[in-house]
Amino acid sequence: MGVYAELWLRRQHTRPTLTMPPYTATYFAVKGRLGAIKIMLADKGQELKVVLVSMEEWQQGDLKATCVFGQMPKFEDGDLVLFQSNAILRHLGRNHGAYGKDSREASLIDMMNDGVEDLRSKYIKLIYQEYDTGKQAYLKDLPNSLCKFETFMAKTNSGFLVGKEVSFADYNLFDLLLNHLVLCPKSLDNFPKLNDLVKKMSARPKVRALLDSEAFKKIPINGNGKQ
Ligand code: GTS
């Protein structure tokens, strides 16, 4: 793709922030799959309105029936309504310059984000289905997952997963690593690059402010009280 075409594409995807209403997310009162989205938007200085849905309200089924895949989070950017948390992250990556410097980086970011999703799926299965019986086995196997990210980051050597700038996959991995540090505070001990990512992301002023805010701290990570 030529330079002009690339610039044109980027301009097409840039969201004029001041004139648009805030983004809106509809979700349960948990960090869950909205955590990475919240962190990314905070870092990008974007407002997010969150509409909380109780389990009782959800079980009535009316809202579920309007969700494309029958699940939340639901995300609204003006009249664009999105489901699927990774599609939402990609949308925000395109809107806020967190999707690589060119299509080659974008493809690598997609690949790494799919890797994050694989680990998140295992984590969610542990939390919701196997916490009491499977935690030890999960923690034993965890280094096998984490070392893939560590090895890739060692090659990139910028402190981010891909390229020299933060991408939506970094926010997603960061959020999931924070969950793992709660699950097992020593889980990153043998992973210097992942440890550095957590430190670096946590030190970004707007991310720090979000993580330290009482509103964010009081939201449980998961819906069943396990963490
Ligand atoms: N692939 C979807 C995504 O990434 O957004 C999964 C969404 C999902 O599993 N949502 C759950 C849900 O709506 C809530 S949570 O697991 O994200 O906390 N569950 C209610 C239901 O009826 O399925």
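Everything that follows concerns the structure shown earlier in this document.
Bear in mind that the values here come from a model prediction, so they are computed numbers and not experimental data. Residue positions within a chain follow its written sequence, with the count starting from 1. At least 70 in pLDDT is required for a residue's local features to be given in this predicted model, at least 80 for side-chain atom pairs to be given and counted, and no such filter applies to totals for whole chains, interfaces and linings, which use all residues. Only heavy atoms go into the side-chain values, all of them from the structure, while hydrogens and water stay out.

Asks: So what about the site of the ligand? Which residues, and what values?
Replies: Nearness of a residue to a molecule or strand requires only that one of the residue's heavy atoms be within 4 Å of it. Within the structure, the ligand sits among Tyr 27, Phe 28, Arg 33, Trp 58, Lys 64, Gly 70, Gln 71, Met 72, Pro 73, Gln 84 and Ser 85. Nitrogen and oxygen atoms within 3.5 Å of one another constitute a polar contact, given that in protein one can donate a hydrogen and the other can accept it, and given that sequence-neighbouring residues count only through two side-chain atoms. Residue Gln 84 places a side-chain N or O atom 2.6 Å away from a nitrogen atom belonging to the ligand. Protein contact buries 76% of the 550 Å² of open area that the ligand shows by itself. Any residue outside Ala, Val, Leu, Ile, Met, Phe, Trp, Tyr, Cys, Pro, Asp, Glu, Lys and Arg is labelled polar, Gly included; the first ten of those are nonpolar and the last four are charged. Considering only residue class, the shell around the ligand consists of 5 nonpolar, 4 polar and 2 charged. Computed by Shrake-Rupley with a 1.4 Å probe, the accessible areas treat only the displayed protein chains as cover when residues are assessed.

Asks: Got a sec to walk through the side chain of Lys 31? Specific residues and values, please.
Replies: Comment: elements are numbered from the N terminus, with helices defined as DSSP H or I runs of at least four residues and strands as E runs of at least two. Within the fold, Lys 31 resides in the loop between strand S1 (23-27) and helix H2 (35-43). Within the structure, Lys 31 has its side chain in polar contact with the backbone oxygen of Ile 219 (distance 2.8 Å). Between two residues, a contact is recorded if the distance between any of their heavy atoms is within 4.5 Å. Setting aside residues no more than four positions away along its own chain, Lys 31 makes contact with Phe 216, Lys 217, Ile 219, Pro 220 and Ile 221.

Asks: An account of the packing of aromatic side chains is requested, with residue identities and associated values reported.
Replies: A ring pair, where both rings are aromatic, is described by two values, the distance of the centres and the angle of the planes. Only Phe, Tyr and Trp rings take part, Trp by its six-membered ring, and two of them pair if their centres are within 6.5 Å. Stacked means planes under 30 degrees apart, edge-to-face means over 60, and tilted covers everything else. All chains considered together, the criterion is met by 4 aromatic pairs. Ring centres of Tyr 23 and Phe 75 lie 5.2 Å apart, and the angle between their planes is 40°; on these two criteria the pair is classed as tilted. In this pair, Tyr 23 sits in strand S1 while Phe 75 sits in strand S3 (residues 74-77), placing the two residues 52 residues apart along the sequence. One exposure class covers both Tyr 23 and Phe 75, and it is buried. Ring centres of Tyr 99 and Phe 168 lie 4.7 Å apart, and the angle between their planes is 75°; on these two criteria the pair is classed as edge-to-face. Residue Tyr 99 is found in the loop between helix H5 (85-95) and helix H6 (103-156), and its partner Phe 168 is found in helix H7 (residues 168-183); the two are separated by 69 residues along the sequence. There is no split in this pair, since Tyr 99 and Phe 168 are both buried. Criterion for a charge above a ring: Lys NZ or Arg CZ within 6 Å of the ring centre, and within 35 degrees of the ring normal. If you follow Lys 31 out to its NZ or CZ, it ends over the ring of Phe 216, 4.7 Å from the centre. Positioned over the ring face of Phe 160 is Lys 200, at 4.1 Å from the centre of the ring. Throughout, exposure labels follow a simple rule: accessible area from a 1.4 Å probe, protein chains only, divided by the maximum for the residue type, with under 20% read as buried, over 50% as exposed, and the rest as partly exposed.

Asks: Explain the nonpolar core residue by residue, including any values.
Replies: Most often, soluble globular proteins keep nonpolar side chains buried together rather than apart. Grouped together as the largest cluster of nonpolar side chains are 61 residues, with contacts concentrated most on Phe 75 and Leu 194. Those elements that provide at least two residues to this core are S1, H2, strand S4 (80-83), H5, H6, H7, helix H8 (192-203) and helix H9 (205-212). The set of buried Ala, Val, Leu, Ile, Met, Phe, Trp, Tyr and Cys residues whose side-chain atoms join them within 4.5 Å is what this entry labels a nonpolar core.

Asks: Got a sec to walk through unusual backbone geometry? Specific residues and values, please.
Replies: The amide bond that connects Met 72 to the next residue, Pro 73, takes the cis arrangement and shows omega of 15°. As for its placement among the helices and strands, Pro 73 is situated in the loop between helix H4 (62-66) and S3. For Gln 84, which is not a glycine, the phi torsion comes out positive at approximately 80°. Turning to its location among the elements, Gln 84 is positioned in the loop between S4 and H5.

Asks: For H9, give the residues involved together with the corresponding values.
Replies: Taken together, the buried positions of H9 are Val 207, Leu 210 and Leu 211. Angular distribution of buried residues about the axis of H9 spans 95°; they occupy a single face of the element. Close packing links the buried residues of H9 with H2, H7, H8 and helix H10 (214-217). Arc definition: directions from the helix axis to the C-beta atoms.

Asks: Outline the pattern of salt bridges, listing residues and values.
Replies: Opposite charge on two side chains permits pairing when their charged atoms draw close. Salt bridge criterion: a side-chain nitrogen from Lys or Arg within 4 Å of a carboxyl oxygen from Asp or Glu. For the coordinates displayed, the defined rule picks out 12 salt bridges. Taking the shortest distance from any N to any O, the salt bridge between Asp 212 and Arg 208 comes out at 2.9 Å. With Asp 212 and Arg 208 both in helix H9, this residue pair falls 4 residues apart, about one helical turn. On the basis of relative accessible area, Asp 212 is assigned to the partly exposed category, the value being 40%. Residue classification places Arg 208 among the partly exposed residues on the basis of a relative accessible area of 33%. Among the ionic pairs, Glu 214 bridges to Lys 217, the shortest N-O distance being 3.3 Å.

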